[in-house]
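Each chain, letter by letter, is given below.
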Amino acid sequence: MKKIMAKLRRWSKREDILAVPDDHLDEWLTTIGLMSAIQMGEVACVVCGERIEKSNLQIVTRQEGKLMVICSNPQCMYQFLALKEGESK
Ligand SMILES: [Zn+2]
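Residues numbered from 1 in each chain as written. Predicted model: local features only at pLDDT ≥ 70, side-chain atom pairs only at ≥ 80, totals over all residues.

Undergrad: Explain the overall build of the chain to me, please; I cannot follow it from the model alone.
TA: A count of helical and extended segments in the chain gives 4 helices and 3 strands. Ordered by position from the N terminus, the helices and strands of the chain form the series α-β-α-α-β-β-α. Relative to its full complement of 89 residues, the chain shows a buried share of 19%. A fraction of 42% describes how many contacts in the chain between residues 6 or more apart in sequence connect residues 24 or more apart. (Helix = DSSP H or I, 4+ residues; strand = E, 2+ residues; numbered from the N terminus. Buried ≥ 20, exposed ≤ 12 C-beta atoms within 10 Å, placed from the backbone. Contact = placed C-beta atoms within 7 Å.)

Now the structure itself:
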């Protein structure tokens, strides 16, 4: 888990990955425009398709102007990071 967070931090400098702060989560989600979509049940994990709720939201990234959300399933985080690393080579 620590390793994932370290990678995330590394990526967040290079890519538009927005790590989720624990405090002020509601505020932050509202700021980036995700809050209402989550409340409407319109947000799904880009890896597994699981519906995203505040409780399982782990990574938010912006790619080509589109917000993408990854759930807290470690498999999804690994898959997402593996994908990102593949892209950079
Ligand atoms: Zn997922």
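Undergrad: So what exactly am I meant to see when it comes to the nonpolar core here?
TA: As a rule of thumb, soluble globular proteins bury nonpolar side chains together. Ranked by size, the top nonpolar core spans 14 residues in total, and within it Cys45, Ile59, Val69, Ile70 and Cys76 carry the most contacts. Where this core is concerned, the elements lending two or more residues are strand E2 (57-63), strand E3 (66-71) and helix H4 (74-88). Excluding residues within four positions of it along the chain, Cys45 makes contact with Glu50, Ile52, Val69, Ile70, Cys71 and Cys76. (Core = buried A, V, L, I, M, F, W, Y, C linked by C-beta atoms within 7 Å.)

Undergrad: Quick question: what am I supposed to make of the environment of Gln75 here?
TA: Structurally, Gln75 can be placed in helix H4. C-alpha separation for the pair Gln75 and Val47, spaced 28 residues apart in sequence, amounts to 8.9 Å.

Undergrad: I keep staring at the pairing of E2 and nothing clicks. Help me out?
TA: One face of the sheet, then the other: side chains in a regular strand alternate in exactly this way. As paired strands, E2 and E3 are joined by 6 bridges and run antiparallel to one another. Note that in E3 the partner of Arg62 across the bridge is Leu67. (Pairing = 2+ DSSP bridges.)

Undergrad: Quick question: what am I supposed to make of the confidence of the model for the chain here?
TA: Detail in the predicted coordinates should be disregarded across regions flagged by low pLDDT. On average, the chain scores 82 in pLDDT, and the residues at 70 or more come to 81%. For the chain, the element scoring lowest by mean pLDDT is strand E1 (residues 17-19), at 67; helix H3 (residues 35-39) scores highest, at 93. (pLDDT = per-residue confidence, 0-100.)

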